[in-house]
Amino acid sequence: MTPHDRQRSATDWSRRGFFGWLAAGGALASGFPHWLAAAAPADPLAVLPGGPGPEPVAAPHFPTRWHAFVWRNWPLVPSERLAAVSGATVREVRRVARLMGLRAQPRIGPDALRRGYITIIRRNWHLLPYPQLLALLGWDADKLAYTLREDDFLWIKLGGHKPRCAALQWCPATPAEEAAAKAIGRTIRGELDDPANAGGEPPFAFVGALSRSPGAPRPSATVDPAAPLRFCYSYFAPYGDPLLEPELDPYPDGLLARLAASGVNGVWLQGVLSRLAPFPWQPALSDRHEERRENLDRLVRRAARHGIRVFLYLNEPRAMPESFFAAHPELRGVAGGDHATLCTSHPGVRRYLVDSIAGICRAAPGLGGFFTITASENLTNCWSHGHGKSCPRCAPRGPAAVIADVNAAVADGIAAAGGSQRLLAWDWGWGDDWAPDAIRALPASVALMSVSEWSLPIERGGVRNKVGEYSISAVGPGPRATRHWSLAKERGLRTVAKIQAGCTWELSAIPYIPVLENVAEHAARLRAAGLTDVMLGWTLGGYPSPNLSVVAAVMAGGTLESEARRRFGRAAMAVVDAWRANSAAFREFPYDGGVVYNAPLQMGPANPLWAEPTGHAASMVGYPHDHLDAWRGPYPAEVFAGQFRKVHAGFDAAADTLEKALSRLGGLSRTERAGALEQVELGRAAALHFRSVANQAEFVAWRGKARTAPPGTPARETACETACAALERLLRDELAAARALHRLQVRDARIGFEASNHYFYLPVDLAEKILNCQDLLRRWLPAFRAAR
């Protein structure tokens with residue numbers, strides 16, 4: 001695939017949305033399904049996704065790729081392993097790290113890999129070939145293949161391809177390379193106290209803090225199944241297989257206690273049926289399923305002591321490699337790449353679903369229930385990606401009947417176990433033409449869940465658009481959810497609103513976005529519409545925050561102000577004023593599905609700038625690269641950047657005003673003052689992200705403008721001079737943003753983290769952005785001027 005093809009594919013995805021992109025044969029359908037096919041024993045790497053990968057993105061601000069390898073991995077991988085992977089000595093690794101301004105490496109415990117493996121994979125994806133990446137992780141190929149597939153679409157987030165990286169081998173540095181490494185050290189020592197933050201709050205420090213009891217032991221609570229449901233995901237749970245490693249407890253008691261105090265009474269985690277129940281056709285897939293069930297039951301019992309129910313997310317039944325169907329051709333449904341569905345219209349497959357659910361319910365009788373996605377994400381039933389017409393059994397039934405029946409099978413499993421578990425059928429991806437029929441066909445015991453803000457009309461910067469999902473900047477409910485809930489209520493079904501209360505892909509790199517007026521208004525509108533049950537977020541937004549508390553308070557008839565007084569005492573109204581100012585600014589956010597998935601919103605100032613176009617497409621909340629056309633969605637480039645300037649200015653001003661107000665306020669407890677100051681710090685972090693998105697968009701635009709006029713003409717000279725002035729201004733502002741965010745992150749390890757992506761960036765990445773900008777100012781910009 002050429003760079004143009006990759007860019008076109010990403011642009012198509014941003015226009016049609018995730019489901020439409022999958023249905024049209026996106027990377028999920030064609031890019032990796034072959035990797036779990038049976039591999040020849042002689043080639044253990046055959047299970048990993050391959051194909052014609054592009055050239056890796058270079059990092060010319062480092063003397064060599066090996067220097068970049070040492071720099072990027074210094075906070076997460078022990079120097080002994082860095083040396084072993086690259087053929088260097090430990091002494092040489094440490095010497096060069098010091099030369100580049102990195103302090104002595106702190107002790108790196110096992111949590112860095114166990115909780116940060118996605119961060120390690122992402123920062124080495126363009127540096128190492130598979131064998132060395134596996135050595136760095138200490139994994140085998142099967143584990144990496146499973147992770148790429150099951151960890152919330154990590155393969156897609158990485159771009160849907162593996163760059164063609166040559167083996168990395170340390171070589172003695174040339175005099176020029178040694179001098180360049182020394183220059184990096186001088187630059188960093190002049191800019192930052194310590195680029196890797198050896199003396200600040202270490203990565204994942206929040207795990208220990210949130211795991212500890214928040215105070216004096218409280219009496220055990222009891223689960224109230226009749227209470228309005230408010231459930232969320234763990235702030236730091238590993239996504240792929242969290243029930244196998246007790247030391248990576250997704251919901252320690254300290255976190256459960258804090259969530260309960262924030263008004264949460266339900267939590268969720270992913271369940272893969274073949275790992276929780278016997279898979280009758282290939283029993284090896286279910287190894288250790290009893291252990292997972294036991295751990296699930298323990299979690300359910302612990303959570304119940306906090307008044308919290310546990311739910312499992314199901315996206316089933318998972319497709320199987322084509323090789324599987326050689327022995328079971330009767331089960332085969334719709335093909336997708338080198339996989340095909342287990343056809344749910346086959347009685348044996350439906351029986352597998354029913355029996356699996358029944359077994360889980362019997363093993364964990366206190367389980368709160370399940371929620372399903374049946375028309376998106378992984379290839380599951382024959383209509384899950386819209387191609388059911390190619391299945392002779394499912395084609396005549398149609399998508400509504402097939403998808404309703406998948407949910408009915410789950411409901412039948414609950415009933416077979418005599419369970420009281422709830423089933424929430426999420427209508428994500430259900431087509432407008434058949435969703436009403438699916439709702440009418442759902443069993444009476446099922447509740448319908450719908451994204452509240454879906455299809456809400458908005459206008460930002462003069463551009464009219466509609467919200468898909470993942471928006472706090474637009475306040476729901478929207479017409480699609482309202483229509484679907486009405487149909488469900490006509491059937492007598494319970495209804496559930498799925499919202500994002502804490503944060504969204506509009507910005508997920510801080511624990512919560514302090515825009516509580518928007519959050520409170522959404523909760524008030526849901527209450528007015530008769531909704532009582534709420535899913536508070538996908539994998540993001542599960543921090544026990546004021547955002548979660550205000551949803552609970554407002555849904556119960558309280559107010560934003562009363563919640564602020566409970567938390568901040570005499571500082572309450574100053575904080576509320578900041579929340580309102582942030583919320584007003586956030587309503588200028590140029591929302592679009594392509595924007596929230598592709599733009600450098602999560603990386604912020606940590607995303608590098610490049611002298612020349614990379615040719616790489618932006619990937620879903622993974623690598624934004626410099627793909628401005630994918631970042632901006634339907635917004636013209638200048639409107640896109642201008643809207644982010646507005647959002648940044650609003651957040652920045654609100655933080656300034658609140659900080660000044662707090663400096664004049666006395667009579668606050670330590671907890672109240674710390675909580676109010678947190679609103680300042682998170683507001684500033686958010687502002688820096690939005691400021692950087694605008695900077696990067698303008699940089700890419702100006703980089704191209706200078707070359708639009710014919711060479712050798714006065715117009716070309718004028719255009720180039722104007723562009724150079726703008727580029728220099730933007731580079732210097734990005735330097736300032738990287739420095740400012742570095743200062744915030746070294747004090748707060750929550751910044752840059754999200755549960756399903758781990759760290760988007762670390763302090764060392766913000767330090768690298770400083771090197772990147774300084775290099776462009778020193779080396780590239782003068783050459784750019786001279787070439788006009």
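The following refers to the structure shown. (Residues numbered from 1 in each chain as written. Predicted model: local features only at pLDDT ≥ 70, side-chain atom pairs only at ≥ 80, totals over all residues. Heavy atoms only, no water.)

**Quick look at the overall build of the chain**
A tally of helices and strands in the chain yields 28 helices and 15 strands. Here the chain has a C-alpha radius of gyration of 26 Å; the compact-globule value for 788 residues is 28 Å, and the two agree. Overall, the chain is about 75 × 70 × 55 Å in size when its C-alpha atoms are taken along their principal axes. Across the 788 residues of the chain, 63% fall into the buried class. The contacts of the chain with a sequence gap of at least 6 include a subset with a gap of at least 24, amounting to 77%. Just so you have it, the chain exposes about 27500 Å², and 54% of that area is on carbon and sulfur atoms. Separation between the mean location of the 89 positive side-chain charges and that of the 75 negative ones in the chain comes to 3 Å. (Helix = DSSP H or I, 4+ residues; strand = E, 2+ residues; numbered from the N terminus. Rg over C-alpha atoms; globule rule 2.2 N^0.38 Å. Buried < 20%, exposed > 50% of the residue type's maximum accessible area, 1.4 Å probe, protein only. Contact = heavy atoms within 4.5 Å. Areas by Shrake-Rupley, 256 points an atom, 1.4 Å probe, with all protein chains shown as cover. Lys, Arg positive; Asp, Glu negative; His and termini not counted. Charge placed at Lys NZ, Arg CZ, Asp CG, Glu CD.)

**Structural notes on the packing of aromatic side chains**
The final tally for this structure, using the stated rule, is 44 aromatic pairs. Seen in terms of ring centroids, Trp268 and Phe371 are 5.2 Å apart; in terms of plane orientation they differ by 80°. Their pairing is edge-to-face. Here Trp268, found in strand S2 (residues 266-270), pairs with Phe371, found in strand S7 (residues 369-373); they are 103 residues apart in sequence, far enough to count as distant. When sorted by exposure, Trp268 lands in the same class as Phe371, which is buried. Following the ring pairs from residue to residue traces out a cluster consisting of Phe204, Phe206, Tyr235, Phe236, Tyr512, Tyr543, Phe753 and Tyr759. One Lys or Arg, Lys162, reaches over the ring of Tyr130 and ends 5.8 Å from the middle of that ring. Over the aromatic face of Trp454 sits the side chain of Arg480, whose NZ or CZ is 4.9 Å from the ring centroid. (Phe/Tyr/Trp six-rings, centres within 6.5 Å; stacked < 30°, edge-to-face > 60°. Lys NZ or Arg CZ within 6 Å of the ring centre and 35° of its normal.)

**A word on the layout of surface pockets**
Counted as a void, the second largest pocket has a volume near 970 Å³. Along the wall of the second largest pocket there are 32 residues; nearest its centre are Tyr543, Pro544, Arg567, Glu678 and Arg750. Mapped by element, the contributors of at least two residues to the lining of the second largest pocket are helix H11 (205-211), helix H12 (253-261), helix H20 (546-555), helix H21 (560-568), helix H26 (670-705) and helix H27 (714-747). Residue classes in the lining of the second largest pocket are distributed as 16 nonpolar, five polar and 11 charged. (1 Å grid on protein atoms, 1.4 Å probe; cavity = no way out; pocket = protein on both sides within 12 Å on 5 of 7 lines; lining within 4 Å. Points joined across faces, edges and corners; volume = space filled by probe spheres on them. Nonpolar A, V, L, I, M, F, W, Y, C, P; charged D, E, K, R; others polar.)

**Side note on the sheet that holds strand S5 (residues 332-336)**
To summarise the sheet geometry, strands pair through backbone hydrogen bonds and adopt either a parallel or an antiparallel arrangement. An order of S4-S6-S5 is seen for the three strands of this open sheet, with the pairing classed as antiparallel. Here the strands that pair on one side only, and so sit at the sheet edges, are strand S4 (320-321) and S5. Sheet topology places S5 next to strand S6 (residues 339-342); three bridges connect them, and they run antiparallel. Directly across from Ala335, in S6, lies its bridge partner Ala340. (Pairing = 2+ DSSP bridges.)

**A few points about empty space enclosed by the protein**
Scanning the entire structure with this criterion turns up 11 cavities of 30 Å³ or more. Around the largest cavity, the lining is made up of 14 residues, and of these Asp152, Glu377, Tyr470, Trp538 and Tyr597 lie nearest the centre.

**Details of the environment of Ala257**
Within the secondary structure, Ala257 is located in helix H12. In this structure Ala257 comes out as buried when scored by relative accessible area, which is 13%. Each C-alpha atom of the pair Ala257 and His385 lies 39 Å from the other, and the pair is 128 residues apart in sequence. Excluding residues that lie within four positions of it along the chain, Ala257 makes contacts with Pro214, Arg218 and His306.

**Focus on the packing of H26 against H27**
Contact pair H26 / H27: the axes reach a minimum separation of 9 Å and the direction vectors enclose 155°. Between H26 and H27, the interaxial angle falls into the category roughly antiparallel. When you trace H26 past H27, the crossing you get is left-handed. (Axes fitted to C-alpha atoms, helices over the stretch in contact; angles between N-to-C directions. Parallel < 35°, antiparallel > 145°, perpendicular 65-115°, else oblique. Left-handed = near helix turned anticlockwise from the far one by under 90°.)

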